[in-house]
Amino acid sequence: KLDSSSNKLFIKSQYLHSLSKKNQFVVWHSLFGNPIIINKDAYDFLSLFSNAVSISNILKMYRDTTEVSQLIKTFRKSKFINPAGFDERRYLEDKIQHRNEMGLDGSFIDYLELRVSEACNFSCSYCILQNAKRIHRKDYKKIMDFNTAKKAVDIYANLLKKTLKKKAEITFGGAEPTLNWPLIRQTIEYINATYKSHLTFVFYINTNFSLLTPERIEFIKSHKIKISPSIDGYSSLANDSTRRTKTMQGTFDKIMTVIRNLKEAGVKIPACSTTTNDTNFKFINHKFIDWVKGQGFREVNINIDVMNMAALNSIFVADRLIDLVRYASKSKIGLSGFWRRSAENISYSLINHRTGFCGATRGDNLSIDPLGDIYSCGYSNKIIGSIHAFDSFFRKNGNYHNFLKQVSPIASRYCYGCEIEGYCGGGCLATREFNKSNDAKKKQMCDIYKYMTRKLISDLI
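Residues numbered from 1 in each chain as written. Predicted model: local features only at pLDDT ≥ 70, side-chain atom pairs only at ≥ 80, totals over all residues. Heavy atoms only, no water.

1. Structural notes on a nonpolar patch on the surface
Here comes step 1: Taken together, the side chains of Leu 48, Met 61 and Tyr 62 define a hydrophobic patch exposed on the protein surface, amounting to about 260 Å² of accessible area.
Here comes step 2: The topology assignment puts Tyr 62 in the loop between helix 3 (55-59) and helix 4 (66-77). (Patch = residues over 30% accessible without salt bridge, like charges linked within 9 Å, V, L, I, M, F, W, Y side chains within 5 Å. Areas by Shrake-Rupley, 256 points an atom, 1.4 Å probe, with all protein chains shown as cover. Salt bridge = Lys/Arg side-chain N within 4 Å of Asp/Glu carboxyl O. Helix = DSSP H or I, 4+ residues; strand = E, 2+ residues; numbered from the N terminus.)

2. Remarks on the layout of surface pockets
Here comes step 1: The volume enclosed by the second largest pocket comes to roughly 610 Å³.
Here comes step 2: Taken together, 24 residues form the lining of the second largest pocket, with Leu 429, Thr 431, Arg 432, Glu 433 and Lys 436 sitting closest to its centre.
Here comes step 3: Those elements that provide at least two residues to the lining of the second largest pocket are helix 15 (399-406), helix 17 (429-434) and helix 18 (439-458).
Here comes step 4: Counting residues per element, the lining of the second largest pocket draws most heavily on helix 17, which supplies five residues.
Here comes step 5: In terms of residue class, the lining of the second largest pocket is built from 11 nonpolar, seven polar and six charged. (1 Å grid on protein atoms, 1.4 Å probe; cavity = no way out; pocket = protein on both sides within 12 Å on 5 of 7 lines; lining within 4 Å. Points joined across faces, edges and corners; volume = space filled by probe spheres on them. Nonpolar A, V, L, I, M, F, W, Y, C, P; charged D, E, K, R; others polar.)

3. Description of the side chain of Asn 277
Here comes step 1: Turning to its location among the elements, Asn 277 is positioned in the loop between strand 11 (271-276) and helix 11 (286-294).
Here comes step 2: Within the structure, the side chain of Asn 277 is placed 2.9 Å from the backbone nitrogen of Thr 279, a separation counted as a polar contact.
Here comes step 3: Apart from the residues within four sequence positions on either side, Asn 277 is in contact with Ser 125, Tyr 126, Thr 242, Ile 304, Asp 305 and Leu 312. (Polar contact = N/O pair within 3.5 Å; in protein donor to acceptor, adjacent residues only side chain to side chain. Contact = heavy atoms within 4.5 Å.)

4. Quick word on empty space enclosed by the protein
Here comes step 1: Taken as a whole, this structure holds one cavity of 30 Å³ or more when the rule is applied.
Here comes step 2: By volume, the largest cavity amounts to about 170 Å³.
Here comes step 3: Considering the residues around the largest cavity, the lining is formed by 20 residues, among which Thr 355, Thr 361, Val 407, Ser 408 and Pro 409 are closest to the centre.
Here comes step 4: Of all elements in the fold, only helix 5 (88-102), helix 14 (359-362) and helix 16 (421-424) reach the threshold of two or more residues within the lining of the largest cavity.
Here comes step 5: Across the lining of the largest cavity, the residue classes tally to nine nonpolar, seven polar and four charged.

Below you can see the structure in the form of structure tokens.
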């Protein structure tokens, strides 16, 4: 209550950021989030707390204090103003640390990825996996066997049961998972025979579409497996500049043939995804959105190459993406990508929500490689456990717990002071790993994320 702290000194947070449009302001806290839209009078009122001042002295400035008191309550609740000396970063660190320890019961885990094949029949120019250190180890297996898949599924299903969850989401991933199609089929049949009575399963296959025969399409349809194509443009010229076979042949025609086969079989394909770089970015335009709509997709995920430095100006990229967001919206096409993540996350409070740039940084994903090693992300090189020693996986100060500390949204000193620090948290985990010494690439992604977040927040007004 205001009367219980009216003589305490309060000061505006050093983590506040704002932008204005049409005499209105969006103000947000780079650690705590929750953007608020206020008018100029409220914005000017907030500036009264630029130096430490007591609430009682503020109230003396106004004849009618009802509206002023409500505004102060709002600013205090949002942590826009705080008691002088209050360490906001330490407060949030303590909250996150406590939450991470609560998650050592396994309750964070929602998803399982089985990397059933780390081999591929494509050779895309931006491929992360072909540069991953783990797949070049002498002892590394590129193809998963059924015993490994079964053990991973059993661990995951029992963990969901223990934490009272009813929905199970399993992705068959890797490089090109359909190179190990018999295992995908065998694993799904095992799951349905063993766990379907008490868990609702959703299956995904991250596939390049090139190996989907009529028999496989029928299996996908009958088991309601969710798939979406990766296609990097609306024509052979656009797509084939980045997505090629091992023999450097184009892939567009092959992908489109399978898309037609899937549609004819009655398989719904709601979305597609595109990775763009300086080679094909010129083709990611209004014509591409029109093509997406014409194919019957309701959503397209567009991401700039997260691993390699693109010879593109960050602001130019961001402005193109914002233009596409607005154009796609008019066409009723959803447009997603990593560049939206911070703006989406900022609507939540890090105090009350386990927010991260992606599932990998939230710690809610088990990604299993063919050896049975556990990663948080299918593109990561960092092992955080093994299904063959899972009893110790959630041990306090073990690999998983330490990983949660390392990927905390406010753990990276590189990000200290950034206006979207808590909601980007350093961005994509794979980008961080592959570009540890590449400051130019990190800066490029930072510039895109910050600029895009400001633009998307501005659209709130």
